[in-house]
There are 6 protein chains.
Amino acid sequence: MTDSRVVRNIRRPSAELLAELSGYGVATVHEAYGRRGLLAPEIRPVLAGRRVCGPAVTSLNAAGDNLMVHAAVELCRPGDVLVIATTGPSAHGMVGDLLCTQARARGIVAMVIDSGVRDVADLREMGFPVWSRAITAQGTTKEHGGAVNVPVVCAGQTVGPGDAVVADDDGVVVVAAADVADVVAAAAAREAREVLLRKRYAAGESSLDVNSLRPVLDRLGVRYLD
Amino acid sequence: MTDSRVVRNIRRPSAELLAELSGYGVATVHEAYGRRGLLAPEIRPVLAGRRVCGPAVTSLNAAGDNLMVHAAVELCRPGDVLVIATTGPSAHGMVGDLLCTQARARGIVAMVIDSGVRDVADLREMGFPVWSRAITAQGTTKEHGGAVNVPVVCAGQTVGPGDAVVADDDGVVVVAAADVADVVAAAAAREAREVLLRKRYAAGESSLDVNSLRPVLDRLGVRYLD
Amino acid sequence: MTDSRVVRNIRRPSAELLAELSGYGVATVHEAYGRRGLLAPEIRPVLAGRRVCGPAVTSLNAAGDNLMVHAAVELCRPGDVLVIATTGPSAHGMVGDLLCTQARARGIVAMVIDSGVRDVADLREMGFPVWSRAITAQGTTKEHGGAVNVPVVCAGQTVGPGDAVVADDDGVVVVAAADVADVVAAAAAREAREVLLRKRYAAGESSLDVNSLRPVLDRLGVRYLD
Amino acid sequence: MTDSRVVRNIRRPSAELLAELSGYGVATVHEAYGRRGLLAPEIRPVLAGRRVCGPAVTSLNAAGDNLMVHAAVELCRPGDVLVIATTGPSAHGMVGDLLCTQARARGIVAMVIDSGVRDVADLREMGFPVWSRAITAQGTTKEHGGAVNVPVVCAGQTVGPGDAVVADDDGVVVVAAADVADVVAAAAAREAREVLLRKRYAAGESSLDVNSLRPVLDRLGVRYLD
Amino acid sequence: MTDSRVVRNIRRPSAELLAELSGYGVATVHEAYGRRGLLAPEIRPVLAGRRVCGPAVTSLNAAGDNLMVHAAVELCRPGDVLVIATTGPSAHGMVGDLLCTQARARGIVAMVIDSGVRDVADLREMGFPVWSRAITAQGTTKEHGGAVNVPVVCAGQTVGPGDAVVADDDGVVVVAAADVADVVAAAAAREAREVLLRKRYAAGESSLDVNSLRPVLDRLGVRYLD
Amino acid sequence: MTDSRVVRNIRRPSAELLAELSGYGVATVHEAYGRRGLLAPEIRPVLAGRRVCGPAVTSLNAAGDNLMVHAAVELCRPGDVLVIATTGPSAHGMVGDLLCTQARARGIVAMVIDSGVRDVADLREMGFPVWSRAITAQGTTKEHGGAVNVPVVCAGQTVGPGDAVVADDDGVVVVAAADVADVVAAAAAREAREVLLRKRYAAGESSLDVNSLRPVLDRLGVRYLD
């Protein structure tokens with residue numbers, strides 16, 4: 001009954017849409033998406049200061065085994081984000097410098113791992129960005145079946161093959177392929193509004209005025225005292 | 001019965017006292033204060049290598065809501081540290097680049113948040129220092145009442161408005177306004193002693209001799225073997 | 001019944017062996033050692049990008065007390081790694097800039113602490129590398145007995161005096177003194193193989209081919225679909 | 001873009017299949033399912049010694065809000081298990097005695113909550129079983145949209161409406177509706193085998209013999225010494 | 001500068017008020033108090049099925065030391081709840097059967113400990129209820145100063161001497177002495193309402209109707225599908 | 001280099017010594033042993049209200065694999081406590097009802113597991129006591145080598161074959177075989193003293209008097225106020 005399919009071909013959002021989405025950070029995308037799709041905050045970047053955006057290739061593994069990561073890497077195309085999940089809780093180092101070397105050679109732009117990563121000094125040197133739950137040298141086996149490009153649960157969110165993944169210092173958010181265009185539009189609107197807000201705040205205005213929050217405070221019975 | 005006061009004016013320690021206090025790190029202040037006032041170690045800096053010191057403006061919020069942060073920002077003066085607490089456990093991103101832009105425009109020197117923060121790439125770019133329990137894009141509502149400039153519990157310590165907050169890479173410590181002068185004196189004495197100790201240790205002396213610990217070892221029955 | 005021995009002289013692996021071992025990272029050593037000796041992943045470096053290797057001097061302390069760290073420092077020789085354990089769970093700042101100044105004066109190359117550390121800004125400035133479970137200003141007493149250079153449990157692994165400790169961004173691994181030569185040989189073989197693999201992966205080969213994993217997938221019933 | 005559908009009618013596995021499945025515990029079902037479907041071990045029972053089995057009605061809520069639990073309860077039929085998820089991390093008390101009273105009146109047999117529960121003394125008194133991540137009196141709002149009977153992620157596993165949920169003292173496992181028949185068959189085979197094993201072990205046989213593990217030990221180089 | 005006062009006499013709420021308050025559980029009191037005063041959910045009961053209510057006598061201790069618990073016990077009166085806090089994070093067994101024997105002899109009805117407890121088998125046998133963060137045999141010293149009957153931070157909430165403490169299987173809530181009368185009134189009103197609700201729910205009504213939530217769902221755009 | 005010895009015969013403390021030791025609880029033994037040997041408090045009993053005492057048979061396993069538990073069980077004698085460790089962090093269910101049936105048939109009195117356990121309803125029914133870090137249905141493989149009756153690290157403490165293990169509701173403590181006689185003597189003395197103390201406390205005396213703590217308070221500058 002084990003889910004052991006490897007799906008070779010997946011539909012990815014258009015390069016244009018992804019390029020547009022890549023202009024927004026995780027917090028903006030998360031808001032634009034109705035506060036959906038945010039992976040658990042335990043998923044942290046190994047490299048600070050990086051932002052990536054790409055379609056997900058998903059890899060589902062037994063806990064403590066990375067066989068299906070090997071199977072997934074060769075199905076990736078340039079620009080993809082490899083999303084690695086396990087069927088049970090795990091904090092093994094599922095990926096190291098060898099897999100990242102291979103990934104980079106195929107144009108994979110990042111990995112998101114609901115488990116651990118190792119060789120992080122090498123990864124920092126090669127500038128290959130990984131978001132993971134843990135850093136640990138603990139190795140895996142390569143003995144258990146699993147799946148590639150099926151929907152997986154990664155850090156509390158469902159990620160389907162071809163879903164758009166955005167990751168930066170705030171964490172990782174996933175947008176269902178069908179929703180990317182809407183999210184891009186909403187993010188653009190939000191960003192446009194925030195550019196103005198940023199100017200007003202930098203000029204000294206209060207968000208109580210800008211957001212009409214003073215009546216809210218009143219209604220809630222908040223009293224000002226000197 | 002909700003505590004929903006916003007207190008506009010608070011007493012701050014004198015600029016002179018704060019300037020003196022700002023010369024000492026968190027570990028020194030904590031020791032000088034009789035090992036009091038240290039916030040829980042889960043509160044970590046978003047920006048490494050920064051030390052700040054200033055009077056607290058306190059903001060008490062419902063978990064998952066940041067309305068009273070907005071109310072607090074406009075009451076801050078240049079040099080203040082905004083201390084953000086919640087009435088229940090929370091790991092939302094209570095503050096992001098917009099609130100920090102507004103904060104910087106008002107001269108706030110740092111925020112200490114017993115919850116999460118987002119837009120940390122922006123915060124690093126603008127060099128605005130935040131200490132928080134988590135980094136997460138998860139947004140808040142702006143719908144619940146709370147209080148500003150009342151005593152709050154932040155990460156295990158009571159922080160009153162006008163208390164002095166010191167934060168650096170070791171964490172955050174708060175000193176009651178009435179105790180700042182005493183703490184400055186004790187920190188100065190401690191620091192003076194440590195300057196000498198640092199020299200003696202750098203020159204090769206042992207802390208067993210410098211601190212007269214050999215008799216302690218003896219008394220405790222510690223035996224030396226070859 | 002308290003273990004309160006301080007053993008002055010310990011056997012260290014030869015400088016040659018340690019020099020050879022120092023050429024390998026934690027992940028490689030851990031693999032070469034049959035996946036033994038890895039400390040719990042909660043032990044993280046305060047300074048990123050450093051790798052150290054040296055014989056362990058061990059210090060066993062009461063929780064919340066660092067008296068036996070002081071006793072251990074003076075017994076260290078240049079090149080040693082000071083390994084600090086406690087008899088119960090602890091998250092105190094067992095070591096700060098004064099102990100590290102003293103340690104550096106004696107040529108200690110690093111500390112590994114199954115508890116907390118403080119003054120980390122100073123440690124970063126002096127470039128003294130520490131791996132620890134926590135960063136906290138919370139101080140200790142210097143009042144309780146303990147031991148130096150006895151076998152200790154540090155973050156889930158037994159560390160004996162003179163065992164080889166390797167630490168880098170991936171964490172910390174300990175190799176029993178008697179096993180160092182074998183580990184060096186195994187690590188060299190592994191590294192040689194990995195150099196070749198790295199080239200093949202950089203050139204675009206798949207680890208499914210390189211590691212003969214396609215038959216494994218077959219045997220496990222993994223089906224490829226388009 | 002918020003997912004805000006409430007699906008009234010769902011397909012449930014047949015009563016016969018569920019009755020058969022209910023004969024097996026979580027560990028057996030999990031094994032029979034190829035080690036799939038197990039919720040994170042943080043989900044613990046409030047009442048010890050209970051086993052339940054039923055089709056899932058799913059409720060997706062904003063973190064800290066239980067509006068969609070209210071919407072879900074009235075759509076449940078006798079025998080259902082109400083599975084409560086949130087779109088972000090949460091440890092609020094999403095359910096208390098009032099909701100459980102309502103649930104019992106509708107024949108709901110249990111709730112599984114990826115968040116907190118309260119009024120547990122009342123729940124124990126009424127004998128209504130709940131599995132949850134936390135116990136806490138912290139209340140929720142009833143102000144945010146969400147969905148009922150859409151696939152949700154609950155404690156690391158996808159749960160679809162009508163999927164079979166089995167819960168006992170070992171935790172909670174979910175079986176996709178389409179797989180229930182196969183899992184029942186596999187569980188029956190496994191259980192039959194275990195009945196025999198239990199007898200053999202009770203009679204003093206060793207699992208090394210029963211499972212033919214001695215050659216495995218041999219092959220792995222395990223040496224016996226006296 | 002250490003806070004080292006022991007305050008012998010404190011004002012307690014009237015026995016009548018406390019008797020009234022004791023009729024309500026933690027969840028009800030927490031709601032009646034505007035969702036204030038709830039201690040962190042890590043504080044769990046050692047004995048299930050107990051509810052206590054009484055005025056707080058507070059004890060502030062150094063982490064890993066219980067000297068001020070001894071000082072606090074003798075100041076307690078029958079009916080008091082002893083609330084034990086530490087100045088830093090701690091998971092020591094601060095209290096065991098000897099202190100609980102002493103406490104019971106003085107009529108203390110419960111202890112709430114922001115740290116650990118030991119001898120829990122004895123405590124269960126003597127039926128003495130304790131709420132704590134941990135269970136551990138790890139002992140403390142009796143060497144460090146502290147305070148009795150000063151305001152303390154316990155598990156994230158400020159507790160003042162004479163504040164009312166209510167504890168049950170849901171956790172612990174504290175009500176400032178001045179607010180007890182108001183909380184009793186609000187709890188009574190809430191409870192009265194809940195008695196009716198419980199009947200209506202038991203009779204099969206939906207909380208969507210009882211709470212007028214259908215228009216809320218409408219307004220939020222929640223769509224019903226078949 | 002993997003440690004893959006299985007040692008058939010071990011020295012156990014005499015039955016008389018163990019019988020004497022079994023008269024004391026974990027907290028008393030821990031104190032009598034100079035506060036040594038206490039396993040991490042995350043190790044909790046599955047069955048409340050049980051106390052066991054016996055010599056350790058140790059089993060060292062790969063994380064997620066229980067092959068060496070099977071090898072260890074058949075080497076146990078009546079009265080033994082099976083102590084199960086892993087070479088890396090693990091929360092798998094290493095043991096279930098089949099292994100416990102086998103264990104009980106051989107007279108094993110308890111298991112202590114630095115990982116997870118499953119089938120806990122069965123274990124409760126058969127009354128077989130287990131102390132573990134987690135409860136989870138997640139199964140293991142039986143494919144990896146390891147060792148039996150070598151010294152292991154279990155939950156932060158070294159446990160050697162034949163060491164005495166005491167476990168109760170407070171946790172688990174291990175006493176080196178060579179120290180059992182001394183610990184028994186110290187525990188007896190401690191217990192004798194505590195019997196008297198318990199009477200004095202029950203009669204209303206204060207521990208400040210009984211332990212001569214008033215001068216300590218004085219010396220520490222603790223001031224009494226009315």
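A quick note: this is a predicted structure, and the numbers were derived from the prediction, not measured.

Caption draft 1: Region of interest: the overall build of chain A. Along the backbone of chain A there are eight helices and 13 strands. A principal-axis box enclosing the C-alpha atoms of chain A has dimensions of 70 × 40 × 40 Å. When burial is assessed residue by residue, chain A has 62% of its 226 residues classed as buried. Sequence separation of at least 24 residues holds for 73% of the intrachain contacts in chain A that already meet a minimum separation of 6. Split by element, the accessible area of chain A, about 7600 Å² in all, is 50% carbon and sulfur. Of the charged side chains in chain A, 24 are positive and 26 negative; the average position of the first set lies 2 Å away from that of the second.

Caption draft 2: Focus on the relation of the copies chain F and chain D. Here chain F sits on chain D after a turn of 120° about the axis and a move of 0.0 Å along it, with an RMSD of 0.0 Å. Taken together, the rotation and translation describe the operation of a three-fold axis. Scanning chain F for the C-alpha nearest the rotation axis identifies F:Ala48, at a separation of 6.9 Å.

Caption draft 3: Representation of the pairing of strand E11 (residues 164–168) of chain A within the structure. All names here are of chain A. Within E11, five of the five residues are buried, leaving the element largely enclosed by the surrounding structure. Of the two faces of E11, the one holding Ala164, Val166 and Asp168 and the one holding Val165 and Ala167 are both buried throughout. Counted along the chain from E11 to the antiparallel partner strand E12 (residues 171–175), the turn is two residues long.

Caption draft 4: Local environment of the interface of chain B and chain E. Taken residue by residue, the interface counts 19 residues in chain B and 19 residues in chain E. For the pair chain B and chain E, the two sides together bury roughly 1300 Å², of which 60% comes from carbon and sulfur. Along the contact surface separating chain B from chain E lie zero salt bridges. At the boundary of chain B with chain E, the tally comes to one residue pair in polar contact (both at pLDDT 80 or more). Within the residue set of the side of chain B that touches chain E, elements represented by two or more residues are strand E10 (157–159) and helix H6 (180–202) of chain B. At three residues, H6(B) tops the list of elements feeding residues into the side of chain B that touches chain E. Across the side of chain B that touches chain E, the residue classes tally to eight nonpolar, six polar and five charged.

Caption draft 5: Structural context of the pattern of salt bridges. On inspection of all chains with the given rule, the structure shows 78 salt bridges over all chains. Residue C:Asp226 pairs with A:Arg8 through a salt bridge whose shortest N-O separation is 3.1 Å. Note that C:Asp226 is positioned in the segment after strand E13 (223–225) and A:Arg8 in the loop between strand E1 (5–7) and helix H1 (15–21), a pairing that runs across two chains. A residue is classified by how much of its surface remains accessible, and C:Asp226, at 66% relative accessible area, is exposed. Here the residues in one salt-bridge network are A:Glu31, A:Arg35, A:Arg190, A:Glu194, A:Arg198, B:Asp97 and B:Arg118, joined through shared partners.

Caption draft 6: Representation of the packing of helix H4 (residues 97–105) of chain E against helix H6 (residues 180–202) of chain F in the model. At a minimum axis separation of 8 Å, H4(E) and H6(F) run at an interaxial angle of 20°. Judged by the angle between their axes, H4(E) and H6(F) are roughly parallel. Handedness of the crossing formed by H4(E) with H6(F): right-handed. Where H4(E) approaches H6(F), its residues E:Asp97, E:Leu98, E:Thr101, E:Gln102 and E:Ala105 are matched on the opposing element by F:Glu194, F:Leu197, F:Arg198, F:Tyr201 and F:Ala202. Split by residue class, the contact of H4(E) with H6(F) holds five nonpolar, two polar and three charged.

Caption draft 7: Up close: the relation of the copies chain B and chain E. Relative to chain E, chain B is turned by 180° and slid 0.0 Å along the rotation axis, the superposed coordinates differing by an RMSD of 0.0 Å. Such a combination of turn and shift is consistent with a two-fold rotation axis. When each C-alpha of chain B is compared by its distance to the rotation axis, B:Gly156 comes out closest, at 2.7 Å. Interface overlap between copies: 100% of the residues of chain B at the interface are likewise at the interface in chain E, consistent with a symmetric, same-surface contact.

Caption draft 8: Structural detail: the pairing of strand E7 (residues 130–135) of chain F. All names here are of chain F. Along E7, five of the six residues are buried, which leaves the element largely enclosed by surrounding structure. The pairing of strand E2 (residues 44–45) with E7 spans two bridges and is classified as antiparallel. Within the sheet, the bridge partner assigned to Pro45 lies in E7 and is Trp131. Pairing between strand E6 (residues 110–117) and E7: five bridges, direction parallel. Looking across to E7, one finds that Val112 is bridged to Trp131.

Caption draft 9: Local environment of helix H4 (residues 97–105) of chain D. All names here are of chain D. Most of H4 is tucked away, with seven of its nine residues classed as buried. Inspection of H4 places Asp97, Leu98, Leu99, Cys100, Thr101, Gln102 and Ala103 among the buried residues, and these make up the whole buried set. Positive backbone phi, approximately 85°, marks Gly107, located one or two places after H4.

Caption draft 10: Region of the structure containing the interface of chain F and chain D. Taken together, the contact between chain F and chain D spans 36 residues of the former and 34 residues of the latter. Regarding the contact of chain F and chain D, the summed buried area is about 3000 Å², with carbon and sulfur atoms giving 55% of it. The tally of links between chain F and chain D comes to five salt bridges. If you look at where chain F meets chain D, you find 17 residue pairs in polar contact (both at pLDDT 80 or more). Elements with a contribution of two residues or more to the side of chain F that touches chain D: strand E1 (5–7), helix H3 (67–73), helix H4 (97–105) and helix H5 (120–126) of chain F. With six residues, H4(F) is the largest single contributor of residues to the side of chain F that touches chain D.

Caption draft 11: Broad picture of the domain arrangement of chain A. Residue and element names in this part refer to chain A. One can read the domain layout of chain A as domain 1 (5–178) and domain 2 (185–219). The centre of domain 1, based on its C-alpha atoms, is set 34 Å off from the matching centre of domain 2. For the pairing of domain 1 and domain 2, the buried interface totals around 470 Å² over both sides, and the portion due to carbon and sulfur atoms is 68%. The largest share of the area that domain 1 buries against domain 2 comes from Tyr24, Thr28 and Ala32, three residues that together contribute 79% of it. Viewed at the interface, domain 2 and domain 1 are joined by one salt bridge. Linking Arg190 and Glu31 is a salt bridge whose minimum nitrogen-to-oxygen distance equals 3.9 Å.

Caption draft 12: Structural view of the packing of aromatic side chains. Taken as a whole and assessed by the stated rule, the structure comprises zero aromatic pairs over all chains. Across from the ring centre of D:Tyr33, 4.8 Å away, lies the NZ or CZ of D:Arg36, which sits over that ring.

Caption draft 13: Quick peek at the arrangement of the chains. Where chain C comes nearest to chain D, the C-alpha atoms are still 12 Å apart, and the two do not contact one another. In this assembly chain A lies apart from chain E, the nearest approach of their C-alpha atoms being 12 Å.

Caption draft 14: How the structure looks around the environment of F:Leu39. All names here are of chain F. Take Leu39: it is sitting in the loop between helix H2 (26–32) and E2. Note: C-alpha distance between Leu39 and Val183 (144 residues apart in sequence) is 17 Å. The contact partners of Leu39, leaving out residues within four places of it in the chain, are Val112, Cys154, Ala155, Gln157, Val172 and Val174.

Caption draft 15: Focus on the side chain of D:Ser206. Tracing the backbone through its elements, the reader meets D:Ser206 in the loop between helix H6 (180–202) and helix H7 (207–210). The exposure class of D:Ser206 is buried, given its relative accessible area of 4%.

Caption draft 16: Fine view of the side chain of A:Asp168. All names here are of chain A. When you line up the elements, Asp168 lands in strand E11. Of the side chains with opposite charge, Arg51 lies nearest to the buried Asp168, which makes no salt bridge, at 4.2 Å. A polar contact is formed between the side chain of Asp168 and the backbone nitrogen of Val26, at a distance of 2.9 Å. Excluding anything up to four places from it in sequence, Asp168 contacts Gly25, Val26, Pro45, Arg50, Arg51 and Trp131.

Caption draft 17: Representation of unusual backbone geometry. All names here are of chain A. Backbone geometry at Arg35 places phi at a positive 60°, although glycine is not the residue there. Among the secondary structure elements, Arg35 is positioned in the loop between helix H2 (26–32) and strand E2 (44–45). Since its relative accessible area comes to 25%, Arg35 is described here as partly exposed. Backbone geometry places Asn149, a non-glycine residue, at a positive phi of 60°. With respect to the helices and strands, the residue Asn149 is situated in the loop between strand E8 (147–148) and strand E9 (152–154).

Cut-off values and rules
- Per-chain numbering applies: the sequence of each chain, read as written, is numbered from 1 onward.
- Note on labels: chains are lettered from A, ligands numbered from 1, in written order.
- Under the rules for a predicted model, residues below a pLDDT of 70 receive no local features and side-chain atom pairs below 80 are neither given nor counted, while totals for whole chains, interfaces and linings still include all residues.
- Side-chain descriptors were evaluated using all non-hydrogen atoms of the structure, hydrogens and water having been removed beforehand.
- Under the scheme used here, helices are H or I runs from DSSP no shorter than 4 residues and strands are E runs no shorter than 2 residues, and both carry numbers assigned from the N terminus.
- Each residue gets one of three labels from its accessible area relative to the maximum for its type: buried under 20%, exposed over 50%, partly exposed in between, using a 1.4 Å probe on protein chains only.
- Note on contacts: a residue pair is in contact if any heavy atoms of the two residues lie within 4.5 Å.
- Computed with the Shrake-Rupley method and a 1.4 Å probe, the accessible areas treat only the protein chains shown as cover for residues.
- Positive charges come from Lys and Arg alone, negative charges from Asp and Glu alone, with His and the N- and C-terminal ends not counted.
- In this description, the location of a charge corresponds to atom NZ of lysine, CZ of arginine, CG of aspartate or CD of glutamate.
- Least-squares superposition of the copies uses the C-alpha atoms of those residues scoring a pLDDT of at least 70 in each of them.
- Here, any two strands with at least 2 DSSP bridges between them count as paired.
- Buried area: the accessible area, evaluated with a 1.4 Å probe, that two parts lose upon being put together, summed over both parts.
- One side-chain nitrogen of Lys or Arg within 4 Å of one carboxyl oxygen of Asp or Glu is enough to make a salt bridge.
- Counting of polar contacts relies on pairs of N or O atoms within 3.5 Å, with two restrictions inside protein: one atom must be capable of donating a hydrogen and the other of accepting it, and residues adjacent in sequence are counted only when both atoms are side-chain atoms.
- Gly falls in the polar group here, along with every residue not listed as nonpolar (Ala, Val, Leu, Ile, Met, Phe, Trp, Tyr, Cys, Pro) or charged (Asp, Glu, Lys, Arg).
- Whenever a helix is involved, its axis is fitted only over the stretch in contact; in every case the axis is a line through C-alpha atoms, and angles between N-to-C directions fall within 0 to 180 degrees.
- Relative orientations are named as follows: roughly parallel for angles under 35 degrees, roughly antiparallel for angles over 145 degrees, roughly perpendicular for angles from 65 to 115 degrees, and oblique for any other angle.
- For a crossing to be left-handed, the near helix must be turned anticlockwise from the far one by less than a right angle; the clockwise case is right-handed.
- Segmentation into domains, and thus their bounds, comes from an automatic or database assignment.
- Between 30 and 60 degrees the pair is tilted, below 30 it is stacked and above 60 it is edge-to-face, where a pair is any two Phe, Tyr or Trp rings, Trp via its six-membered ring, whose centres lie within 6.5 Å.
- Only Lys NZ and Arg CZ are tested; either one counts as a charge over a ring when it is within 6 Å of the ring centre and within 35 degrees of the ring normal.

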